[in-house]
Structure formats: structure tokens, C-alpha cells
Amino acid sequence: MFSLQSKKAVITGGGSGIGRAIAVLFAKQGAEVHIIDLSIESAQDAVDEIKNAGGNVFSHACNVSSQADVKATFEKIGSINILINNAGIANVGKADTTSEADFDRVMDVNVKGVYNCLFAAIPQFRLSGGGVILNMASIAAWVGISDRFAYSTAKGAVMAMTLSVARDYLSENIRCNSISPARVHTPFVDGFISKNYAGKEEEMFEKLSKSQPIGRMGKPDEIAALALYLCSEEAGFITGCDYPIDGGFIKLNN
């Protein structure tokens, strides 16, 4: 079950965190993995891990907010079977404390970046006779989270894009779903805490961990396992759905 033999998968932001976990697992399951990251260097550790395990992997330096850059990258990769839109950035701020520059920066990566990859990937899916798109949304698209105005706005857009794409490409054998994680312990989270809560790292890590009713943050491997299922042939009857993976955050928080 859950074999990805003969499949070609593109994973944006695949050099670290959740993206890296997905890349490693997909390669283990037989996929030819293409990691898109800001630089070849930022993806190198993930590439080395996959190659050392005998996997088939390529890396591409690409800024997902640039449509020209994205189009050139996908044309180089050619026909694909799976796209994971994982690249994203965070921001702290309310509607009246988020600067225009920060808002634009989050939209450029988290919304326009997804659009650019969809725009460039769909012609490549047609060459393969269809495939699977998986977008990384967030529980922030489901519930109000303090001081995450721009991020929540962007992830709400990602969820809406998921539904639109799922509807528009039903007849072309392209499925599209999304995953909405709660907090997952990655280097991204550690860097985010360090940048925004300097001197209070341990306190904030504990607070953020316990905000999930299950009492901890998720693990990248747990998100990757759900991604594998949704991109496998076993999930062939699933499209247009979002899957919270949140330790009970949405339904059990009171």
C-alpha cells in the first residue's frame, strides 16, 4: 500500500521541516522527488539524506513568488504526478499592526507562491494524464489565532484555492486537497520563537506546545504520513477536502 513507484513529485520548501519530512518519505516510497527551495544549499541536507538512503532526488533553486522563475523550473522538471505546495512564511501582527510590507511579503509567498506553482504545474500534469495536488493550509484558516492576521488571511486563501482547483480539474483526473496542521515542531518554529520572543524561548515553546489539547506539537513525520496517504492511489476517491491534523485544536479547545 501507499507505493509511489514511477511517480514524480515536486515539493516546494522541501529542504527543511514538514517539506523535508514529506520529501524523505515520498522518496522512500519510490517517488522521484524534486525539491524546490530558495537555494540549492538550503535543500542540500534533505538531498543528502535521501541519496544516502538510496532515493532518487533532485533540487532546484527557485523563488516561488516569481512566476517566471517558477515556470522555468517546472518546464525543466517536465511532466509530474504530484505537487506539494508547502513553501510558506509566518508573521506576527494584528490588522492594525501588520505593515503593508509584511502583508505583501506573506501574500507573495503563501498565496501568490501557491498560485504560481499551480499555474506552472497544471500543464505538466496534463502531460501525465492527471495527478494529485496537496496544499499546506493551517488551522489558522479554521479558527481565530491571536496576532496572525496576515498568515491567517493567506491560509484561508489557500483553502479556497484548494476547493476551486478541485472543482475545475475534476474532468482532467487532477485531485486537489489540503492539510491544516496545528503547531508542528520544526526548525521554522524554533527560529520563529527565537526571533519574536527573545529571552522567553522555553516559556513560549511550552505555551505553544500546550495550546494543542493533546499536550504537544506535531511531528513533521506525522504530517508527512497524512500527505503520503492523500497523494497515493489509495486516496483516489478524495478531492476538494481539507484535513486538520491538529492534536484536537479545532474541535477540543474550549
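Residues numbered from 1 in each chain as written. Predicted model: local features only at pLDDT ≥ 70, side-chain atom pairs only at ≥ 80, totals over all residues. Heavy atoms only, no water.

## Considering the packing of helix α1 (residues 17-28) against helix α2 (residues 40-52)
Two numbers describe how α1 lies on α2: the axes approach to 10 Å, and their chain directions differ by 20°. In terms of axis orientation, α1 runs roughly parallel to α2. Both α1 and α2 take part in a crossing whose hand is right-handed. Seen from α1, the contacting residues are Arg-20, Ala-23, Val-24 and Ala-27; seen from α2, they are Asp-45, Ala-46, Glu-49 and Ile-50. Class assignment for the residues of the contact of α1 with α2 results in 5 nonpolar, no polar and 3 charged. (Axes fitted to C-alpha atoms, helices over the stretch in contact; angles between N-to-C directions. Helix = DSSP H or I, 4+ residues; strand = E, 2+ residues; numbered from the N terminus. Parallel < 35°, antiparallel > 145°, perpendicular 65-115°, else oblique. Left-handed = near helix turned anticlockwise from the far one by under 90°. Contact = heavy atoms within 4.5 Å. Nonpolar A, V, L, I, M, F, W, Y, C, P; charged D, E, K, R; others polar.)

## Focus: the sheet that holds strand β1 (residues 8-12)
The strand order β3-β2-β1-β4-β5-β6-β7 describes an open sheet built from 7 strands, whose pairing is parallel. Sheet topology places β3 (56-61) and β7 (242-245) at the edges, where each strand pairs with a single neighbour. On average, each strand axis in the sheet is inclined to that of its neighbour by 20°, with strand direction left out of account. On the sheet, helix α3 (residues 67-77) packs against β1, β2 (32-37), β3 and β4 (82-85) and is oriented at approximately 155° with respect to β3. Contacts from helix α8 (residues 220-231) reach β4, β5 (131-136), β6 (174-181) and β7 within the one sheet, and its direction differs from that of β6 by about 165°. (Pairing = 2+ DSSP bridges.)

## Considering the packing of aromatic side chains
In the structure shown here, the tally under the stated rule is 4 aromatic pairs. When the centroid spacing of 6.0 Å and the interplanar angle of 85° are considered together, the rings of Phe-2 and Tyr-229 count as edge-to-face. Here the residue Phe-2 occupies a position in the segment before β1, and Tyr-229 occupies one in helix α8, the gap between them amounting to 227 residues. A relative accessible area of 26% places Phe-2 in the partly exposed class. When the ring of Tyr-115 is compared with that of Phe-119, the centres are 5.9 Å apart and the planes differ by 55°; the resulting orientation is tilted. Highlighted residues: Tyr-115 and Phe-119, both in helix α4 (residues 100-128), separated by 4 residues, approximately one helical turn. (Phe/Tyr/Trp six-rings, centres within 6.5 Å; stacked < 30°, edge-to-face > 60°. Buried < 20%, exposed > 50% of the residue type's maximum accessible area, 1.4 Å probe, protein only.)

## With respect to unusual backbone geometry
Backbone geometry at Ser-6 places phi at a positive 70°, although glycine is not the residue there. Relative to the elements of secondary structure, Ser-6 occurs in the segment before β1. Its identity as a non-glycine residue notwithstanding, Asn-173 has a phi of 65°, on the positive side. Here Asn-173 is to be found in the loop between α5 (149-168) and β6.

## Digging into the environment of Ser-39
Among the secondary structure elements, Ser-39 is positioned in the loop between β2 and α2. It is 30 Å that separates the C-alpha atoms of Ser-39 and Gly-129, two residues lying 90 residues apart in sequence.

## Some thoughts on the pattern of salt bridges
Counting across every chain of the model gives 6 salt bridges. Glu-172 is paired through a salt bridge with Arg-126; the nearest N and O atoms lie 2.6 Å apart. Here Arg-126 lies in helix α4 and Glu-172 lies in the loop between α5 and β6, a separation of 46 residues in the sequence. The exposure class of Glu-172 is partly exposed, given its relative accessible area of 28%. You can call Arg-126 partly exposed: its relative accessible area is 46%. Across the salt bridge formed by Arg-216 and Glu-222, the nearest N and O atoms sit 2.8 Å from each other. (Salt bridge = Lys/Arg side-chain N within 4 Å of Asp/Glu carboxyl O.)

## Here we look at the layout of surface pockets
Its volume calculated, the largest pocket comes out at about 1000 Å³. Around the largest pocket, the lining is made up of 40 residues, and of these Gly-88, Ile-89, Ala-90, Tyr-151 and Phe-188 lie nearest the centre. At the level of elements, α1, β2, α5 and α6 (187-196) are the ones that each hand at least two residues to the lining of the largest pocket. Ranked by residues supplied to the lining of the largest pocket, first place goes to α6 with 5 residues. (1 Å grid on protein atoms, 1.4 Å probe; cavity = no way out; pocket = protein on both sides within 12 Å on 5 of 7 lines; lining within 4 Å. Points joined across faces, edges and corners; volume = space filled by probe spheres on them.)

## Considering the confidence of the model for the protein chain
Of all residues in the protein chain, 100% attain a pLDDT of 70 or more, and the chain-wide mean is 96. Per-element averaging of pLDDT across the protein chain places α6 at the bottom with 85 and β4 at the top with 99. (pLDDT = per-residue confidence, 0-100.)

## Some remarks on the packing of α4 against α5
Contact pair α4 / α5: the axes reach a minimum separation of 9 Å and the direction vectors enclose 15°. In terms of axis orientation, α4 runs roughly parallel to α5. The interaxial crossing formed by α4 with α5 has right-handed handedness. Residues Phe-103, Val-106, Met-107, Asn-110, Val-111, Val-114, Tyr-115 and Leu-118 of α4 touch α5, and the partners they reach there are Phe-149, Ala-150, Tyr-151, Thr-153, Ala-154, Lys-155, Ala-157, Val-158, Met-161 and Val-165. Partitioned by chemical class, the residues of the contact of α4 with α5 number 15 nonpolar, 2 polar and 1 charged.

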